[in-house]
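Breakdown of the fold
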Amino acid sequence: MEVKADSRSLLALQPKPKPYKTAVGRGLYLLTMPSGSKLWRLKYYFDRRERTLSIGAFPSMTLAQAIKARDEARATIEAGTNPSAVRKAEKAERAEQRAHAKAFRLVMTLDH
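The notes below deal with the structure included here. Owing to the predicted nature of the structure, the values given are computational and were not obtained by experimental measurement.

The number of helices and strands found in the protein chain is three helices and four strands. Moving toward the C terminus, one meets the helices and strands of the protein chain in the order α-β-β-β-β-α-α. C-alpha atoms of the protein chain, sized along the principal axes, occupy 60 × 35 × 25 Å. When burial is assessed residue by residue, the protein chain has 26% of its 112 residues classed as buried.

Okay, here's the thing in structure tokens:
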């Protein structure tokens with residue numbers, strides 16, 4: 001489904017019995033779920049395979065923010081890196097940092 005991409009028209013999209021996509025451009029689309037939630041997705045190709053990147057939820061992530069995230073992901077792809085792999089690596093690093101912080105807090109509470 002193609003509509004004029006502005007916040008008002010995207011906000012007015014109504015849920016249907018099945019999920020549907022509303023194209024914004026350059027692979028970015030808004031996926032409207034039967035529950036009424038709206039999710040930003042980016043369809044892209046990497047290593048000759050079609051892939052999908054979750055960007056965020058609408059309206060907490062605005063159209064402008066989603067377009068910026070799309071452009072950043074496209075730059076990553078053009079640099080030869082899969083944006084999903086970058087996101088997974090960042091998530092793993094955050095988990096490791098949380099584990100270190102938790103261990104540090106535990107040591108500090110045992111010292112008292």
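As a further point, take helix H2 (residues 63–78). Relative to the 22 Å expected for 16 residues at 1.5 Å per residue, H2 spans 22 Å between its end C-alpha atoms, a close match to the ideal helical length. Every buried residue of H2 is accounted for by Leu-63, Ala-66, Arg-70, Ala-73, Arg-74 and Ile-77. Looking down the long axis of H2, one finds its buried residues gathered within 100° of arc, a one-sided arrangement. Opposite the buried face of H2, at more than 90 degrees from it, the exposed residues are Ala-64 and Lys-68. Taken from the residues just after H2, Gly-80 is the one with a positive phi, measuring 90°.

Attention now moves to the layout of surface pockets. Empty space among the atoms becomes visible once a probe the size of a water molecule is rolled across them. Considering only enclosed or pocket space, the largest pocket measures out at about 280 Å³ in volume. Lining of the largest pocket is provided by 13 residues; of these, Leu-53, Ala-69, Glu-72, Ala-73 and Arg-87 occupy positions nearest its centre. For the lining of the largest pocket, the elements supplying multiple residues, two or more each, are strand S4 (49–58), H2 and helix H3 (83–111). The greatest single-element share of the lining of the largest pocket, amounting to six residues, is contributed by H2.

Let's shift gears to the pairing of S4. Strand direction decides the pairing type here: strand S3 (residues 38–46) and S4, joined by nine bridges, are antiparallel. What sits directly across from Phe-46, in S4, is Arg-49. In sequence, S3 turns back onto S4 through a hairpin of two residues, with Asp-47 there showing a positive phi of about 55°.

Before going further, it helps to examine the nonpolar core. In this structure, Leu-10, Leu-28, Leu-30, Trp-40, Leu-42, Tyr-44 and Ile-55 are the most contacted members of the largest nonpolar core, which totals 18 residues. Elements supplying a minimum of two residues to this core: strand S1 (20–25), strand S2 (28–32), S3, S4 and H2.

The next point concerns the packing of aromatic side chains. Inspection of the entire model under this criterion finds one aromatic pair. Pairing Trp-40 with Phe-58 gives two aromatic rings, centres 5.7 Å apart and planes at 90°, and the pair type is edge-to-face. Of this pair, Trp-40 sits in strand S3 while Phe-58 sits in strand S4, placing them 18 residues apart in sequence. Above the ring of Tyr-20, the side-chain terminus of Lys-16 is found at 4.4 Å from the ring centroid. Sitting above the plane of the Tyr-29 ring, Lys-21 keeps its charged end 4.9 Å from the centroid.

What follows deals with the sheet that holds S3. Taken in spatial order, the four strands line up as S1-S2-S3-S4 in an open sheet, and their pairing is antiparallel. Only two strands of the sheet have a single neighbouring strand rather than two, namely S1 and S4. Strand-to-strand twist of the sheet, defined as the mean angle between neighbouring strand axes without regard to direction, takes the value 30°. Seen against the sheet, H2 touches S1, S2, S3 and S4 and runs at an angle of roughly 15° to S3.

Cut-offs and rules
Residues numbered from 1 in each chain as written. Predicted model: local features only at pLDDT ≥ 70, side-chain atom pairs only at ≥ 80, totals over all residues. Heavy atoms only, no water. Helix = DSSP H or I, 4+ residues; strand = E, 2+ residues; numbered from the N terminus. Buried < 20%, exposed > 50% of the residue type's maximum accessible area, 1.4 Å probe, protein only. Expected span 1.5 Å × (residues − 1). Arc of directions from axis to C-beta. 1 Å grid on protein atoms, 1.4 Å probe; cavity = no way out; pocket = protein on both sides within 12 Å on 5 of 7 lines; lining within 4 Å. Points joined across faces, edges and corners; volume = space filled by probe spheres on them. Pairing = 2+ DSSP bridges. Core = buried A, V, L, I, M, F, W, Y, C linked by side-chain atoms within 4.5 Å. Phe/Tyr/Trp six-rings, centres within 6.5 Å; stacked < 30°, edge-to-face > 60°. Lys NZ or Arg CZ within 6 Å of the ring centre and 35° of its normal. Axes fitted to C-alpha atoms, helices over the stretch in contact; angles between N-to-C directions. Contact = heavy atoms within 4.5 Å.

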